[in-house]
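Survey of secondary and tertiary structure
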Amino acid sequence: MPTDIPGAIARTAQVTVVVPSLNQGRYLEDALRSIAAQDVATEIVVMDGGSTDGSVGVLERWGDRLTHWRSGPDGGQAAAINEGIQHGAAPYVVWLNSDDMLERGGLRLLIDTLEANPAAPAAYGKVVNLDPDGGRSDVWVQQFSERALAVRCIISQPGTLIRRTAWEAVGGVDPSLFLAMDYDLWWRLYRRFGPLLHVPQVTAINRRHHETKTRNNRMAHYAEAIAAVRRHRGRIPMKWWLAQPYAVWWKVLMARLGRLTTAD
């Protein structure tokens, strides 16, 4: 079975969308459909870490609509994202985890915002959580400020769009990070280029389920996030030492007791 099959390259693509995936075959097709349904030309690159479920079958069906895909061991999610971006050439880039989806028209909103603000490195919109029972709720996203970013990650990764020039200037995501790679990236983009732009419309959907990395690695996620703040701001807001650890502890406890069916 082939594991590295390039599709026809979209020569006029405006956005390179990289989809990192591992054993998410039941969600993967929804993610791909949400990209294909955008009203802008995209290059879709899928970096599968060697799935043993039905993912490869999905990719084979989508082969002629993908710029590139491969399935096999890699250096982790961040390394796969960086590799995937290199397979495209569009002026804007984003990664979409295979269990998330883009909102119809979301990329157009983000492109229009960046086209109107050529100095901004990236833009981000509102994101909606989708629960297994179909329930929806808003992800915490707010207007950009350094102070707000230091207190928590105010940007939801599925709803973002980044200029390729800015991505390449900061070297993409840090492959040494497992959970807070996006939070660290927002800091590096901000420090290099200035504030990221907030779009007050929904641009993506974050699917919540039992197997998300955040849900199952809350303590490690907290450790990576606080290290990012220390690294990029030099000091840690008091909130990280007070309310945040207890919130993380409580969510971990509830998840273990089975009272939380979703996470983020």
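Residues numbered from 1 in each chain as written. Predicted model: local features only at pLDDT ≥ 70, side-chain atom pairs only at ≥ 80, totals over all residues. Heavy atoms only, no water.

**Quick notes on the confidence of the model for the protein**
Of all residues in the protein, 83% attain a pLDDT of 70 or more, and the chain-wide mean is 87. Below pLDDT 50 for its whole length, residues 1-10 participates in 27 contacts with residues either more than four positions away or in separate chains. Counted against residues more than four places away or in other chains, residues 259-264, with its pLDDT under 50, gives 25 contacts. (pLDDT = per-residue confidence, 0-100. Contact = heavy atoms within 4.5 Å.)

**Remarks on the pattern of salt bridges**
Side-chain pairs of opposite charge can arise where the charged atoms are in close proximity. This model, assessed by the stated rule, comprises 14 salt bridges. In this structure, the salt-bridge partner of glutamate 29 is arginine 61, at a minimum N-O distance of 2.9 Å. Of this pair, glutamate 29 sits in helix H1 (residues 25-36) while arginine 61 sits in helix H2 (residues 55-61), placing them 32 residues apart in sequence. Of the residues examined, arginine 61 reaches a relative accessible area of 48% and is grouped as partly exposed. When salt bridges that share partners are traced, they join Glu29, Asp30, Arg33, Arg61 and Arg207 into one network. (Salt bridge = Lys/Arg side-chain N within 4 Å of Asp/Glu carboxyl O. Helix = DSSP H or I, 4+ residues; strand = E, 2+ residues; numbered from the N terminus. Buried < 20%, exposed > 50% of the residue type's maximum accessible area, 1.4 Å probe, protein only.)

**Considering the packing of aromatic side chains**
Throughout the structure, instances matching the rule amount to four aromatic pairs. Residues tryptophan 95 and tryptophan 167 carry aromatic rings whose centres are separated by 6.2 Å and whose planes lie at 65° to one another, so their mutual orientation is edge-to-face. One end of the pair, tryptophan 95, is in strand S4 (residues 92-95); the other, tryptophan 167, is in helix H6 (residues 164-170), with 72 residues separating them in the sequence. Neither residue differs from the other here; tryptophan 95 and tryptophan 167 are each classed as buried. Pairing tryptophan 187 with tyrosine 190 gives two aromatic rings, centres 6.4 Å apart and planes at 65°, and the pair type is edge-to-face. (Phe/Tyr/Trp six-rings, centres within 6.5 Å; stacked < 30°, edge-to-face > 60°.)

**Brief notes about unusual backbone geometry**
Residue asparagine 23 is not a glycine yet carries a positive backbone phi of 55°. With respect to the element layout, asparagine 23 can be found in the loop between strand S1 (15-21) and H1. Among the residues examined, asparagine 23 registers a relative accessible area of 29% and is labelled partly exposed.

**Notes on the nonpolar core**
In terms of nonpolar packing, the biggest core is built from 39 residues, with Ile162, Trp167, Tyr183, Leu185, Leu189 and Leu196 touching the most fellow members. Listed by contribution, the elements that provide at least two residues to this core are strand S2 (42-48), helix H3 (77-86), S4, strand S6 (122-130), helix H5 (146-151), H6, helix H7 (181-193) and helix H9 (218-233). Broken down by element, this core gets its largest block of residues, seven residues, from H7. Contact partners of tryptophan 167, with chain neighbours within four places excluded, come to Ile81, Asn82, Ile85, Val93, Trp95, Ile162, Gly172, Val173 and Leu185. In this structure, Val17, Ile35, Leu66 and Ala204 belong to the second largest nonpolar core, which totals 30 residues. (Core = buried A, V, L, I, M, F, W, Y, C linked by side-chain atoms within 4.5 Å.)

**Points about the side chain of serine 156**
Relative to the assigned elements, serine 156 resides in the loop between H5 and strand S8 (160-163). When sequence neighbours within four positions are dropped, the list of residues in contact with serine 156 reads Val127, Val139 and Val141.

**Quick look at the pairing of strand S3 (residues 68-71)**
The side-chain alternation of S3 yields two buried faces, one formed by His68 and Arg70 and the other by Trp69 and Ser71. Here four bridges tie S2 to S3, and the two strands are oriented parallel to one another. Along S3, the bridge assignment pairs valine 46 with tryptophan 69. Crossover connection from S2 via H2 to parallel S3: handedness right-handed. (Pairing = 2+ DSSP bridges. Right-handed = clockwise from strand over helix to strand, strands pointing away.)

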